[in-house]
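Structural overview
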Amino acid sequence: SSRTMSLLSQLEKINLDSVLGEADNARYVTAKILHLVQSQEKTRKEMASKGSTGIEVILSTLEVKPFNLCGYRNIVSFYFIIGLCGGRRASVLVTKGGTQILLQLLLTASKDSPPNEELMVLLHTLLAKIGPKDKKIGMKARINGALNISLNLVKQNLQNHRLILPCLQVLRVYSTNSVNAVSLGKNGVVELMFKIIGPFSKKNTSLMKVALDTLAALLKSKTNARRAVDRGYVQVLLKIYVDWHRHDSRHRYMLIRKGVLQCIKSVTNIKLGRKAFIDANGMKILYNTSQECLAVRTLDPLVNTSSLIMRKCFPKNRLPLPTIKSAFHFQLPVIPASGPVAQLYNLPPDVDDVVDESDDNDDAEIESEIETENDDDKDQHFKNDDIETDINKLKPREELGRPIEELKMYEQFFPELSENFQECDLVSKEPKPFVSDANLSGPIVVPTAGEE
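Throughout, a residue's number is its position along its own chain's written sequence, starting from 1. Where local features are concerned, this predicted model is filtered to residues with pLDDT of at least 70; where side-chain atom pairs are given and counted, the filter is 80 or more; whole-chain, interface and lining totals use all residues. As a convention, hydrogens and water are excluded, and side-chain values are obtained from all of the structure's heavy atoms.

**Here we look at the side chain of Asp134**
- Checked against the element boundaries, Asp134 lands in the loop between helix 8 (117–130) and helix 9 (137–144).
- In this scheme, a residue with accessible area under 20% of its type's maximum is buried, one over 50% is exposed, and one in between is partly exposed, where area comes from a 1.4 Å probe on protein chains only. Asp134 gets classed as buried once you look at its relative accessible area, which sits at 8%.
- Looking at Asp134, its side chain comes within polar contact range of the side chain of Lys140, at 2.9 Å.
- Contacts of Asp134, omitting those with residues within four sequence positions, involve Val94, Thr99 and Lys140. Counting from the N terminus, the helices are DSSP H or I runs at least four residues long and the strands are E runs at least two residues long. Counting of polar contacts relies on pairs of N or O atoms within 3.5 Å, with two restrictions inside protein: one atom must be capable of donating a hydrogen and the other of accepting it, and residues adjacent in sequence are counted only when both atoms are side-chain atoms. A contact between two residues is defined here by any heavy atoms of the two lying within 4.5 Å.

Below, the structure is given as structure tokens:
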């Protein structure tokens, strides 16, 4: 513990020195700290404890010292070890501003040609680890320009699975932000994901699983879902699912099969996706595969997800149904010769007679999402139109339990509620005599109405 504190104090002094040559000393000290963190669990806990200043010192070192590659690798490795020690310690890195520093370091490292692979793997692995702990990492990455860095690495290294796996994990975290999902979709990330997940192969199943999770998050955006439908990817997803269903006889890759279903579920959230699903014979495919999965209890998640997709995509009709789809038929007494009712009864049996207006306002999706995010980021009070501010409307309406005529019999007991008291000249009126306690020995007579 004393050794660690001594090294941290040395590093803090080096940070205050503006001499460029001190970068070598800082690199030497960080290497010593990294060795202690790697070899001692107690040191890791102390560095990430609540009262420790170790992480702040490391962060300031990254900001003020122009390291070379070795120094960056030392500090990122230190971050990596701390981040893998548990969720609470990963949250410590976020609260200390570690996400912003890592994104800046990623931007700096990407300027090298070519970027160092080991450093990129460490940075993306750590961002994927602490990213879910930072609710605003998507916005920070977009502002810093880190979205295209990870995407370009995937495009340029499709065969380097060691590098693109952490990059896909980071893209999955970025895609939880709807604005980021639309931006990535415009840059071709949807097409890129389909290059990774197909054709069928049992090699690199971990990469396949992460790619499917990333694609499912991207397809939650209606813009990306429409892009996938326009390129015929709904049929591709169904084919991939059938291939995995046939070849996974021992049910070892249930998570991959569920990931494909999640992609289909996301793309069928829009009307075009549901139509493409039905046109691709998806109802029959999911029904037959679900029937074969019923005998295996561990495949219940696949059956449940398939049922949700089929229920969502099945044509909707009004009740009562005037077609052969209905078990009961209620004939109207009078059907006009023309009009909407006559048109409804003249529809063929296989027509969906419920108008689906769920996608009519999708053109303003991106603008509304950006406006919503900007409003959330402003630290100021704003007027909410949904909150009623009229006091008269907020007051509850008091309704009498009896008619007003029945209540008039009680006016003599509560004259102050019915009489109109006006201001009078208090000087001209003589005050009534004060009644003391001594005068209350006799019975109290309450004057009737009309007595003065």
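So, next bit.
**Focus: the packing of aromatic side chains**
- In this analysis, rings of Phe, Tyr and Trp, with Trp reduced to its six-membered ring, are considered paired at centre separations within 6.5 Å, and the interplanar angle assigns stacked below 30 degrees, edge-to-face beyond 60, and tilted for intermediate values. What the rule picks out here adds up to three aromatic pairs.
- Site record: aromatic cluster; members linked through ring pairs are Phe200, Trp244 and Tyr253.

**Comments concerning the side chain of Ser290**
- By secondary structure assignment, the location of Ser290 is in helix 19 (residues 282–293).
- In this structure Ser290 comes out as buried when scored by relative accessible area, which is 8%.
- Those residues in contact with Ser290 that lie beyond four places of it in its chain are Val303, Ser306 and Met310.

**A closer look at the nonpolar core**
- Of all hydrophobic cores here, the largest spans 82 residues; its most connected members are Leu168, Tyr174, Met193, Ile197 and Leu215.
- Filtering out sequence-adjacent residues up to four positions away, Tyr174 remains in contact with Leu103, Leu127, Ile137, Ala141, Ala146, Leu147, Ser150 and Asn180.
- We call a set of buried residues a nonpolar core when its members are Ala, Val, Leu, Ile, Met, Phe, Trp, Tyr or Cys and they connect through side-chain atoms within 4.5 Å of each other. By size, the runner-up hydrophobic cluster in this structure holds 12 residues, among which are Leu8, Leu11, Ala26 and Ile58.

**A short note on the confidence of the model for the chain**
- The pLDDT score gives, residue by residue, the confidence of the prediction method on a 0 to 100 scale. With 66% of its residues at a pLDDT of 70 or more, the chain has an overall mean of 76.
- Below a pLDDT of 50 lies the segment residues 363–367, which in the model reaches seven contacts outside its immediate sequence neighbourhood of four places, other chains included.
- Low pLDDT, under 50, characterises residues 434–442; the predicted model gives this stretch two contacts beyond four residues in sequence or across chains.

**Here we look at the packing of helix 16 (residues 233–247) against helix 17 (residues 254–267)**
- Where helix 16 contacts helix 17, the two axes come as close as 10 Å, and the packing angle between them is 160 degrees. In terms of orientation, helix 16 lies roughly antiparallel with respect to helix 17. Here helix 16 and helix 17 pass one another in a crossing that is left-handed. Contacts between helix 16 and helix 17 pair Val234, Leu237, Leu238, Ile240, Tyr241, Trp244 and His245 from the former with Ile256, Arg257, Val260, Leu261, Cys263, Ile264 and Val267 from the latter.
- Here the contact of helix 16 with helix 17 is composed, by residue class, of 12 nonpolar, one polar and one charged. To define axes, lines are fitted to C-alpha atoms, for helices over the stretch in contact only, and angles between the resulting N-to-C directions are given on a 0 to 180 degree scale. For classification, angles of less than 35 degrees are called roughly parallel, those exceeding 145 degrees roughly antiparallel, those between 65 and 115 degrees roughly perpendicular, and all remaining angles oblique. Crossing handedness is read from the near helix: turned anticlockwise from the far helix by less than a right angle, it gives a left-handed crossing, and turned clockwise, a right-handed one. Under the convention adopted here, Pro, Cys and the residues Ala, Val, Leu, Ile, Met, Phe, Trp and Tyr are nonpolar, Asp, Glu, Lys and Arg are charged, and Gly plus all remaining residues are polar.

**Thoughts on the environment of Asp279**
- Tracing the sequence through the fold places Asp279 in helix 18 (residues 271–279).
- Since its relative accessible area comes to 55%, Asp279 is described here as exposed.
- Separated by 44 residues in sequence, Asp279 and Gln235 place their C-alpha atoms 8.9 Å apart.

**Looking at unusual backbone geometry**
- A cis geometry characterises the amide bond from Ser113 onward to Pro114, with omega recorded as -5 degrees.
- The topology assignment puts Pro114 in the loop between helix 7 (98–109) and helix 8.
- One non-glycine residue, His251, adopts positive backbone phi at about 60 degrees.
- One non-glycine residue, Asn281, lies in the positive phi region at around 60 degrees.

**Comments concerning the pattern of salt bridges**
- Any Lys or Arg side-chain nitrogen found within 4 Å of a carboxyl oxygen on Asp or Glu counts as a salt bridge. Tallying each qualifying case throughout the model produces nine salt bridges.
- Put simply, Arg162 and Glu117 hold a salt bridge, and the shortest N to O gap is 3.2 Å. Of this pair, Arg162 sits in helix 11 (residues 161–174) while Glu117 sits in helix 8; the two residues are 45 residues apart in sequence, bridging distant segments of the chain.
- Asp279 is the partner of Lys275 in a salt bridge, and the nearest nitrogen-oxygen pair spans 3.1 Å. Taken together, the residues span about one helical turn, with Lys275 and Asp279 both in helix 18 at a distance of four residues.
- Look at the salt bridges and you will find they share partners, linking Arg172, Lys209 and Asp213 into a network.

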